[in-house]
Amino acid sequence: MLTFIIRRLLWTVLVLFVITVVVFIIFFKTPGVDPARAIAGRNPSAQVLQEIREQFGLNKPLPVQYLLMMKSIFISRDLVSYSNQGVKVVPEIAAATPATLSLVFGAALIWVVMAIAVGVAAALLRGTVFDPLLMVLALIGVSAPVFWVGEVANLITQGTWHDTFLFSWVPPLGYTPLTQNPGLWFRGLVIPWITLSILYIGLYGRVLRANILETQNEDFVRTARAKGISERQVLLRHTLRTSMITFVSLFGLDFGALVAGGALLIEVVFGIHGVGYLTYQALANLDLPTIMATVVYGAFFIVLVNAIVDIGYAWLDPRIRPT
Amino acid sequence: MATLLEQAEVGPEPTSAVVGRNPWALAGRRLRRNRIALAALALFLLIVVLSLAAPLYAKYVAHVNPFPPNLNGHTVVNGKVVAVMQQGGGTLHLGETPIGPTWDLGHYFLGADSVGRDVGALLLYGGRSSLLVGIGSAVLCCLAATVVALIAGFFGGVVDAVLSRIMDVIWAFPVYLLAISISTELLTHSNGFQFGPLHVSASSLWLPAVIIAFIFVPYVYRPVRGQVLAVVNKEFVEASVAQGAGNMRLIFSEILPNVVSTVIVLLPLMVATTILTESALSFLSVGVQPPNVSWGTIIQDGTSLLYTRPWVSIAPGIMILLTVLSLNVLGDGVRDALDPRAKLRIEG
């Protein structure tokens, strides 16, 4: 187990290194693009361009340029957004993180509970009309563009039906920190949570149903039945538990990806000022330093979550340790 | 017992010899019997045909050119001539509001967008870009992934290790952030780019297609490489080696035909994924660039009109939903036809 962890961590370090190299190539070495001009945003002055060339050592050798980029992202954290009045980028990302975490945690709670309900219900109701019905609904959920669902949700809850008793509790778009007003925090996030979770309920519900149906034919389930355990116990303790393995590993990956900027579209549509929204604003201003930092931090987060998932997985299931 | 019953049902046909069918014919027959998958295919083809007919609709039915702004235009509603951009309107009665849906195919069927363009005609033109970028990037992605997977799986060892690690790194990037970084970097140059002898204009549909293809290569690479590894040590490959076949022959005549079905199963699901990704990137204004329109850009244009003219945003979303849904259903059908034993593992 220890060798597995060490090998996995060494590999993680290597991936992190390669990711920074790729980011460096995208932002500083794209053929035909002058990095200083790109970083400076719209209509830069000659003085700003000169500053950037010095800060990132653009006339120095490649390894020096790479190290200067890494220094400004991780060590001195003084990466400056030129499009946004010289705001320091890294503290800004740190300040935006709680909003993204609130959004993703709540949605994750909803989608895990609902997906288990959908998957189990569809598997149990196999042979009735409800199984195909649930699967069609799941497929529709998977096929709808998430930002569009968000806009339709806005149209209903902020426009058409906002003045009726159904949705009068929905506050205007935006995010209120939990520490400031927990009630408003909750009311403002309910619709974004539901919107974000729809896709994953469909995806996970389908996967779980397939896994349950597959597990139901396994020998150990038949043994459990033969022992005279009640159907409910067979389902909860034997079938569902084994079927959840794929579910859990998928969850780790999707959760990581969402926190690392995947919730961008939802944040934009609902005006939640999280990490994704920050990236979106940076995009509108062609603010490359902010995008550079969110990509690096986002990718790091995903790689670390993946490493944790893998190690947790190996701890649960000894069969995959040697690989 | 079940086998006996089946034999009884087949009936007395002692004279007819067993007809050999190749696996593709069998798969085709299974797919043709799957009514739901066929309906999905029909829906998808209908959307493709409608999108291809965009210029015909714009010219002969709607009589508009949907690309230039049309702030001073007029149209006919219930026999009366009205301005496309109306004073007041909406809840606040301020400024100009584009005309809403007339539900009359000849005159601004779905209304006008914020600069007075016919949304109905734009929707069909948008379908062309969305389908082109979606299908183009999915095909590019599958081709690239298959080539890399064949090389990695066939040569194994160091080659496999290096290629697989590269794929792992691309896979580790957040999908949207990676696409956004590449697009923004390229968008800072509005005059287009010179890749060697190739000149690409900044509004070219190739840019989003290539970017989307690139970020999804690892998702196709993994299953295809798995299939290559499963095939590469089979006896028929050894037999071919014994006959003196070269690497090229082994890869293209022995291994490739046995992994093509994996790629074909993935293709409709990839197109579904790439169409969704294209719409998301276009919504964020880093996908399809003006003067081209796509379903994503129309939804984005409609955001400012969401509460006054919701159909500008709703209609393209329905088109995306129908297209992606039909592809997902078709993808399920193709998978069931080509690999009846497959578990539900591929998720788009």
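The written sequence of each chain sets the order in which its residues are numbered from 1. The order in which chains are written sets their letters, starting at A; the order in which ligands are written sets their numbers, starting at 1. For this predicted model, a pLDDT threshold of at least 70 governs which residues receive local features, and a threshold of 80 or more governs which side-chain atom pairs are given and counted, while totals over whole chains, interfaces and linings are taken from all residues.

A word on the overall build of chain B
Defined as follows: For helices the rule is a DSSP run of H or I covering at least 4 residues; for strands it is a run of E covering at least 2, with both sets numbered from the N terminus onward. Field definition: a residue is buried when 20 or more other C-beta atoms are found within 10 Å of its C-beta, exposed when 12 or fewer are, and partly exposed for counts in between, with C-beta atoms placed from the backbone. Whether two residues are in contact is decided by their C-beta atoms, placed from the backbone, lying within 7 Å.
Tallying secondary structure elements over chain B gives twelve helices and six strands in all. When the 348 residues of chain B are sorted by exposure, 45% land in the buried category. Relative to all contacts within chain B whose residues are 6 or more apart in sequence, the contacts with residues 24 or more apart total 69%.

A closer look at the overall build of chain A
Of the regular secondary structure elements, chain A holds 13 helices and two strands. Seen along its three principal axes, the alpha-carbon backbone of chain A occupies a region of about 80 × 60 × 40 Å. With 323 residues in all, chain A has 37% of them scored as buried. In chain A, the share of contacts with a sequence separation of at least 24, taken over all contacts with a separation of at least 6, comes to 68%.

Notes on the packing of helix H9 (residues 235-242) of chain B against helix H10 (residues 247-283) of chain B
Residue and element names in this part refer to chain B. The condition that has to hold: Under this scheme, a helix contributes an axis fitted over its contacting stretch, all axes are lines through C-alpha atoms, and angles between N-to-C directions fall in the 0 to 180 degree range. Throughout, the term roughly parallel applies to angles under 35 degrees, roughly antiparallel to angles over 145, roughly perpendicular to angles from 65 to 115, and oblique to all others. Note on convention: near helix rotated counterclockwise from far helix by under a right angle means a left-handed crossing. Clockwise means right-handed. Under this grouping Gly is polar, as are all residues other than the nonpolar Ala, Val, Leu, Ile, Met, Phe, Trp, Tyr, Cys and Pro and the charged Asp, Glu, Lys and Arg.
Contact pair H9 / H10: the axes reach a minimum separation of 10 Å and the direction vectors enclose 150°. In terms of axis orientation, H9 runs roughly antiparallel to H10. Crossing of H9 over H10 shows right-handed handedness. Between H9, through Phe236, Val237, Ser240 and Val241, and H10, the contact on the second element is made entirely by Leu250, Glu254 and Ile255. Among the residues making up the contact of H9 with H10, the classes are represented as five nonpolar, one polar and one charged.

Observations concerning the interface of chain B and chain A
Often, the extent of an interface is quoted as the loss of accessible area upon association of its parts. Taken together, the 42 residues of chain B in the interface contact 48 residues of chain A. Contributing elements (two or more residues each) for the side of chain B that touches chain A: helix H6 (157-172), helix H7 (175-187), strand E5 (193-195), H10 and helix H12 (311-338) of chain B. If you tally residues by element for the side of chain B that touches chain A, the top one is H12 of chain B, at nine residues. For the side of chain B that touches chain A, the residue count by class is 27 nonpolar, eleven polar and four charged.

Regarding the environment of Ser304 of chain B
Position of Ser304 of chain B relative to the elements: it lies in the loop between helix H11 (295-302) and H12. Separated by 144 residues in the primary sequence, Ser304 of chain B and Asp160 of chain B have C-alpha atoms spaced 50 Å apart.

Describing the confidence of the model for chain B
All names here are of chain B. Selection rule: Residue-level confidence of the predictor is what pLDDT reports, using numbers from 0 through 100.
Averaged over chain B, the pLDDT score is 81; the fraction of residues at 70 or greater is 86%. Under a pLDDT of 50 for its full length, residues 1-14 has, in the predicted model, zero contacts with residues more than four places off or in other chains. Scoring the predicted complex yields pTM 0.85 and, for the interface, ipTM 0.84.

A look at unusual backbone geometry
Residues and elements named next belong to chain B. Look at the link from Pro290 to Pro291: it is a cis peptide, with omega at 5°. Summarising the element assignment, Pro291 is placed in the loop between H10 and H11. Positive phi is not limited to glycine here, since Ser285 has a value of about 65°. Position of Ser285 relative to the elements: it lies in the loop between H10 and H11. Take Ser285: there are 17 C-beta atoms within 10 Å of it, and that puts it in the partly exposed class.

Quick look at the packing of helix H5 (residues 119-155) of chain B against H10 of chain B
Residue and element names in this part refer to chain B. Contact geometry of H5 with H10 gives a least axis separation of 7 Å together with a crossing angle of 145°. Crossing angle aside, the handedness with which H5 passes H10 is right-handed. Counted together, Ser130, Val133, Gly134, Ile135, Ser137, Ala138, Cys141, Cys142, Thr146, Leu150 and Phe154 of H5 and Ile251, Ile255, Leu256, Val263, Leu266, Leu267, Met270, Val271, Thr274, Ile275, Glu278 and Ser279 of H10 form the full contact between these two elements. Grouping the amino acids of the contact of H5 with H10 by side-chain chemistry returns 16 nonpolar, six polar and one charged.

Here we look at helix H4 (residues 62-75) of chain A
Applicable threshold: The span one expects for a helix is its residue count, reduced by one, times 1.5 Å.
In a regular helix each residue adds 1.5 Å, so 14 residues correspond to 20 Å; H4 of chain A covers 19 Å between its end C-alpha atoms and thus fits that length. Where H4 of chain A ends, the next residue or the one after it, Arg77 of chain A, has phi of about 45°, a positive value.

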